[in-house]
Amino acid sequence: SVALTFATLTINAQTKENSIEGYSFAKYPAKTEKVTKAKLNLTSNSLGKTYKTAISEQYKSEPINFGGHYVMTFWGAGMGMTQGAMVDAKTGKIIPLPLTEENAIRDCAYNDNDNIFHKKNSNLFVTFKCQRVGEYNQSTDTQKIKLTFYYYKWDGKKFNLISTKTKNAVED
């Protein structure tokens, strides 16, 4: 549906923030390169066959938006979850993103549902899982939630989990 597509695109917008819960994108710099995008290699990963349309369309339309020369692509996976891959613009190779039920489900509303953060000039990739805690409080019209942030550093070959952080909040 149009609403689902809009939500998915909104959820994964490149962040304008300089840090997420104390982790600075500048601490994980990536040299931004001018690259003519290579032809997409859909056979470089099984995701290329399964999500051919989403990856192809976004790779074509999106600018380099992560790690200096990668293009992030995303698609809805149901139940408030987003899946994705990035494409190396130098080689056209598809690389899976570390998005799982454990670290990326949005079971509540927080931060306008943006739960994936990345920058063009950084190797830091951040996501959070949002969970409701306890019962909805009718008298204050609030719902307590728990956010678990996952911080990954891209080393040029794989995403390495560098930290997790939990924060209590109130649903938006």
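Structural data are supplied above this passage.
Quick look at the structure, then. What you see is a predicted model; the values in this text were computed from it and never measured.

Each value, and the rule that gives it
The numbers attached to residues start from 1 for each chain and follow its sequence in the written order. Local features in this predicted model are restricted to residues of pLDDT 70 or higher, and side-chain atom pairs are both shown and tallied only at a pLDDT of 80 or more, whereas totals for entire chains, interfaces and linings draw on every residue. Computation of side-chain values: all heavy atoms of the structure, hydrogens and water removed. Note on pairing: two strands pair once DSSP finds at least 2 bridges between them. Put simply, DSSP marks the helices as runs of H or I at least four residues long and the strands as runs of E at least two long, and each gets a number from the N terminus on. Only protein chains enter the area calculation, which uses a 1.4 Å probe; residues under 20% of their type maximum are buried, those over 50% are exposed, and those in between are partly exposed. Working rule for contacts: check all heavy atoms of both residues, and any pair within 4.5 Å makes them a contact. Definition of nonpolar core: a set of buried residues of the types Ala, Val, Leu, Ile, Met, Phe, Trp, Tyr and Cys, connected through side-chain atoms within 4.5 Å. Here a polar contact is taken to be a pair of N or O atoms separated by no more than 3.5 Å, where protein atoms must pair a possible hydrogen donor with a possible acceptor and residues adjacent in sequence count only if both atoms sit in side chains. Under this scheme, a helix contributes an axis fitted over its contacting stretch, all axes are lines through C-alpha atoms, and angles between N-to-C directions fall in the 0 to 180 degree range.

Another aspect to go through is the pairing of strand β9 (residues 159–170). Examined bridge by bridge, strand β8 (residues 144–154) and β9 share 11 bridges and lie antiparallel to one another. Bridge assignment links Lys-153 to a residue of β9, and that residue is Asn-160. Hairpin remark: β8 followed by β9, antiparallel, with 4 residues in the connecting loop; positive phi at Gly-156, about 100 degrees.

Turning to the environment of Gly-92, a few remarks are in order. Mapping Gly-92 onto the fold places it in the loop between β4 (81–88) and β5 (94–96). Given a relative accessible area of 0%, Gly-92 falls into the buried group. Sequence separation between Gly-92 and Leu-40 is 52 residues, and the spatial gap between their C-alpha atoms is 4.2 Å. In this structure Gly-92 touches Ala-38, Lys-39, Leu-40, Asn-41, Ser-44, Tyr-59 and Val-87, once residues within four positions along its chain are discounted.

A few words on the pairing of β4. Along β4, 7 of the 8 residues are buried, which leaves the element largely enclosed by surrounding structure. The hairpin turn running from strand β3 (residues 70–78) into β4, its antiparallel successor, is 2 residues long, and Met-79 in that turn takes a positive phi close to 55 degrees. Linking β4 to β5, which pair antiparallel, is a turn of 5 residues; within it Gly-92 sits at a positive phi near 80 degrees.

Across soluble globular proteins, you tend to see nonpolar side chains buried next to one another. With 15 residues, the main nonpolar core has Phe-66, Met-86, Leu-97, Phe-125 and Phe-159 as its most contacted residues. Within the residue set of this core, elements represented by two or more residues are β3 and β8. Excluding its chain neighbours within four sequence positions, the residues that come into contact with Met-86 are Phe-66, Tyr-70, Val-71, Met-72, Lys-93, Ile-94, Ile-95, Leu-97, Trp-154 and Phe-159. If you look at the next biggest cluster of nonpolar residues, it comprises 14 residues, including Tyr-28, Cys-130, Leu-147 and Ala-169.

Mapped onto the elements, Asn-115 comes out in the loop between α4 (101–104) and β6 (116–117). Its relative accessible area of 0% is what places Asn-115 among the buried residues. A distance of 2.9 Å separates a polar side-chain atom of Asn-115 from the backbone oxygen of Phe-128.

You can see Thr-148 is positioned in strand β8. For Thr-148, the contacting residues outside a window of four places in its chain are Thr-127, Phe-128, Lys-129, Lys-165 and Thr-166.

The antiparallel open sheet is built from 3 strands, whose spatial order is β3-β4-β5. Each edge of the open sheet carries a strand with a single partner, namely β3 and β5. Neighbour-to-neighbour, the strand axes of this sheet turn through a mean angle of 30 degrees, independent of strand direction. Alignment of β4 against β5, held across 3 bridges, turns out to be antiparallel. When the bridges of β5 are listed, Val-87 appears paired with Ile-94. Where helix α3 (residues 52–61) meets the sheet, it contacts β3, β4 and β5, and its direction lies at approximately 145 degrees from that of β3.

On to the environment of Asp-172. Relative to the assigned elements, Asp-172 resides in the segment after β9. By relative accessible area, which is 58% here, Asp-172 ends up exposed. Considered as a pair, Asp-172 and Ala-109 are 63 residues apart in the sequence and their alpha carbons are 5.5 Å apart.

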